[in-house]
Amino acid sequence: MSKTYQNILQHKDFQPPQDWLQIKTIDMHTGGEPLRVIVDGFPELKGNSVLDYRRYCKEHYDYLRTALMFEPRGHADMYGCILLPPNDEEGDFGIIFLHNEGYSTMCGHAIIAISTLAVEMNWINIKEGDNELKIDAPCGRIYSYANVENGKVKGVRFHCVPSFVVGLDRTVEVKGLGTVTYDLAYGGAFYAYVDMAKNQFDFDLTPNSYRALITKGMDIKHAVMDSDKEILHPFEEDLSFLYGTIFVDNTTQDSGYDSRNVCIFAEGEVDRSPTGSGVSGRMAIHKARKEIDFGGTMSIESITGSAFKGSVVKEEDYGPFKAVIPQVEGTAHITGVQTFVIDPNDPMKDGFILR
């Protein structure tokens, strides 16, 4: 055996210099959509609420978002979160979400993943059956329920914030596509929902159309942003923006599912999961169209073939809207444990992005 190889076997731990920042994460996925959970090393965020923490992070540490989400540590479709104190003593913890464009208001796949991790890490007192978590997201308090069987998480369901329809069958002119019909709804974030059956496109919702979905999804998003003046949250200005385009199709890969979602969000990210906040908004749409009622469920698959189950828990008034409280169910898995280091002399320390 060579001396060099002996050294390799004996020296496996890298000790960064004192002036290098170290950030520890636990990486997960929900239905194929990544979640990088930052658990240690991120500088303290100041504020009195999750929205305050999000603003502070954006103003002071946005370079760390790009360092952890962008290449070479991440990629164009990476997603992450930071765990924080809750907004009040009734909550368990707060959470802010990170992606390639900035900071989202709600993320269902992250709620499913972080609820799973709370059990795996013994952050809560675990019992058999449902374990309730009160999670403060930028859009409000999310109630999640991690179902435990023989000490292991079998699945997670969550009740989203009040979700509502702004308008059905609206139209917008999109260059290269002509007139596009869409529904505008909110499920913790605003989306333009585009039904493939109501529009004539030359692409479908399979991985073969991946590039077209990004391009056309962003074209529709920008067109709706420019033309629709009702993307307004009734209570929080910080939540009043269009997050993405969701293409909907009743043609699925698995005959056991009811329909398919493909969500193009942020700066052209493609959600590998069916999009938890997107499914929440869809429950509001289907309730408004009388296509689902209390006690009914819909199974919605993603571009990867993973699925969430959606249902409606109750209705309530929310500002000027008749809103629903949706329930979304799914599963998540841990994929790795990372310690990222940031060399202050690295010219690419803040990350870069190519697509």
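- The name given to the protein chain in an unreviewed UniProt entry is Proline racemase family protein, and the organism recorded there is Pseudotenacibaculum haliotis.
- UniProt, in the comment section headed Sequence similarities (unreviewed entry), describes the protein chain in these words: "Belongs to the proline racemase family."

**What about the packing of aromatic side chains?**
And then number 1: With the rule as written, the count across this model stands at 19 aromatic pairs.
And then number 2: Summarising the aromatic geometry, the rings of Phe-201 and Phe-247 are spaced 6.2 Å apart at their centres and angled 90° between planes, so their arrangement reads as edge-to-face. Here Phe-247 lies in strand β12 (residues 242-249) and Phe-201 lies in the loop between β11 (190-195) and α5 (210-227), a separation of 46 residues in the sequence. Here the two residues Phe-201 and Phe-247 agree in accessibility, since each one is buried.
And then number 3: Of the aromatic side chains, those joined through ring pairs into one cluster are Tyr-79, Phe-97, Tyr-191, Tyr-193, Phe-241, Tyr-243 and Phe-265.
And then number 4: Over the face of the ring belonging to Tyr-145 we find Arg-157, whose NZ or CZ atom lies 4.5 Å from the ring centre.

**Describing the pairing of strand β17 (residues 321-330)**
And then number 1: Taking burial as the measure, the ten residues of β17 include eight buried ones, the bulk of the element.
And then number 2: Of the pairings in the sheet, the one linking strand β8 (residues 152-159) to β17 comprises four bridges and is antiparallel in character. Its bridge partner lying in β17, Arg-157 is registered against Glu-329.
And then number 3: When strand β16 (residues 307-318) meets β17, the two strands line up antiparallel, connected through nine bridges.

Scoring rules and cut-offs
- Residues numbered from 1 in each chain as written.
- Predicted model: local features only at pLDDT ≥ 70, side-chain atom pairs only at ≥ 80, totals over all residues.
- Heavy atoms only, no water.
- UniProt positions renumbered as here; feature names shortened; annotations may be inferred.
- Phe/Tyr/Trp six-rings, centres within 6.5 Å; stacked < 30°, edge-to-face > 60°.
- Helix = DSSP H or I, 4+ residues; strand = E, 2+ residues; numbered from the N terminus.
- Buried < 20%, exposed > 50% of the residue type's maximum accessible area, 1.4 Å probe, protein only.
- Lys NZ or Arg CZ within 6 Å of the ring centre and 35° of its normal.
- Pairing = 2+ DSSP bridges.

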